[in-house]
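Observations on the three-dimensional arrangement
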Amino acid sequence: KLFVLTEDGNLVSLTDFEEAEPSSHAQIKTAKATVAMNLGVGRPLGGKFTKDGKTLYIADTLLGLLRVKNLEDEDYQSKVEIVASSVVDTHGI
């Protein structure tokens, strides 16, 4: 399974990868795309899973640092949490 972030704020799960018809210039694969979660009004820049794979942290241009816990756990209702929305520089740098 592979996750991608879209510029309109969706976290998309890609599954069921298959080889497409061979091309003379490239290898092409197809996949089933499913919106796993809408992250809200922001625009995600990138994300990273924790080592255990249970939490996804996402950097977002409008919302800040986001967290999604237990994305793969069907018994848990995953939700988007804002971890930090601003930074205060107390050292004047």
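I will try to describe carefully the structure that is included in this document. Each chain carries its own residue numbering, running from 1 in the direction its sequence is written. Residue-level local features of this predicted model are given only where pLDDT is at least 70; pairs of side-chain atoms are given and counted only at 80 or more, and the full residue set underlies all totals for whole chains, interfaces and linings. To get the side-chain values, take all heavy atoms of the structure and skip hydrogens and water.

1. Quick notes on the overall build of the chain
We apply this condition: By definition, any uninterrupted DSSP run of H or I lasting at least four residues is a helix, any uninterrupted run of E lasting at least two residues is a strand, and each is numbered from the N terminus. Radius of gyration here uses only the C-alpha atoms, and the compact-globule reference equals 2.2 Å multiplied by the residue count raised to the power 0.38. In this scheme, a residue with accessible area under 20% of its type's maximum is buried, one over 50% is exposed, and one in between is partly exposed, where area comes from a 1.4 Å probe on protein chains only. By definition in these notes, contact holds between two residues if any of their heavy atoms fall within 4.5 Å. Residue burial considers only the protein chains on display, and all accessible areas are found by Shrake-Rupley using a 1.4 Å probe. For this count, His and the chain ends are skipped, Lys and Arg are scored as positive, and Asp and Glu as negative. Each charge is placed at NZ for Lys, CZ for Arg, CG for Asp and CD for Glu.
The number of helices and strands found in the chain is zero helices and seven strands. Written out in order from the N terminus, the α and β elements of the chain read β-β-β-β-β-β-β. Here the C-alpha radius of gyration of the chain, 17 Å, is well above what a compact globule of 93 residues would show, namely 12 Å. Projected onto its principal axes, the C-alpha coordinates of the chain cover approximately 55 × 35 × 25 Å. Counting the 93 residues in the chain, one finds 24% classified as buried. Long-range pairs, those at least 24 residues apart, make up 25% of the contacts in the chain between residues at least 6 apart in sequence. If you sum the accessible surface of the chain, you get close to 7000 Å²; carbon and sulfur atoms cover 51% of it. The positive charge centre, built from 10 side chains, and the negative charge centre, built from 14, are 6 Å apart in the chain.

2. Concerning the sheet that holds strand S1 (residues 2-5)
Sheet strands associate in pairs through backbone hydrogen bonding, adopting either a parallel or an antiparallel arrangement. Quick reminder of the rule: For two strands to be treated as a pair, DSSP must find at least two bridges joining them. A fitted line through C-alpha atoms represents every axis, and for helices the fit uses only the stretch in contact; the resulting angles, taken between N-to-C directions, go from 0 to 180 degrees.
Pairing is antiparallel in the open sheet, where three strands are placed in the order S1-S2-S3. Each of the sheet's edge strands pairs with one partner strand only, and the pair in question is S1 and strand S3 (29-38). Taken pair by pair, the neighbouring strands of this sheet meet at an average axis angle of 30 degrees, ignoring direction.

3. Details of unusual backbone geometry
If you check the backbone angles, Asp16 has positive phi at about 55 degrees while not being a glycine. Looking at the secondary structure, you find Asp16 in strand S2 (residues 10-19).

4. Things to note about the packing of aromatic side chains
Keep this limit in mind: Only rings of Phe, Tyr and Trp enter the pairing, Trp through its six-membered ring, and a pair is recorded when the two centres are within 6.5 Å. The plane angle decides the type: under 30 degrees is stacked, over 60 is edge-to-face, the rest tilted.
Scanning all chains against the criterion turns up one aromatic pair. An angle of 50 degrees between the planes, with centres 5.7 Å apart, marks the rings of Phe3 and Phe49 as tilted. With a gap of 46 residues between them, Phe3 in strand S1 and Phe49 in strand S4 (residues 44-49) connect regions that are remote in the sequence. Judged by its relative accessible area of 31%, Phe49 is partly exposed.

5. Digging into the side chain of Ser13
The topology assignment puts Ser13 in strand S2. Of the residues examined, Ser13 reaches a relative accessible area of 8% and is grouped as buried. Apart from residues no more than four positions distant in its own chain, Ser13 is found in contact with Lys1, Leu2, Phe3, Lys32, Ala33, Thr34 and Ala36.

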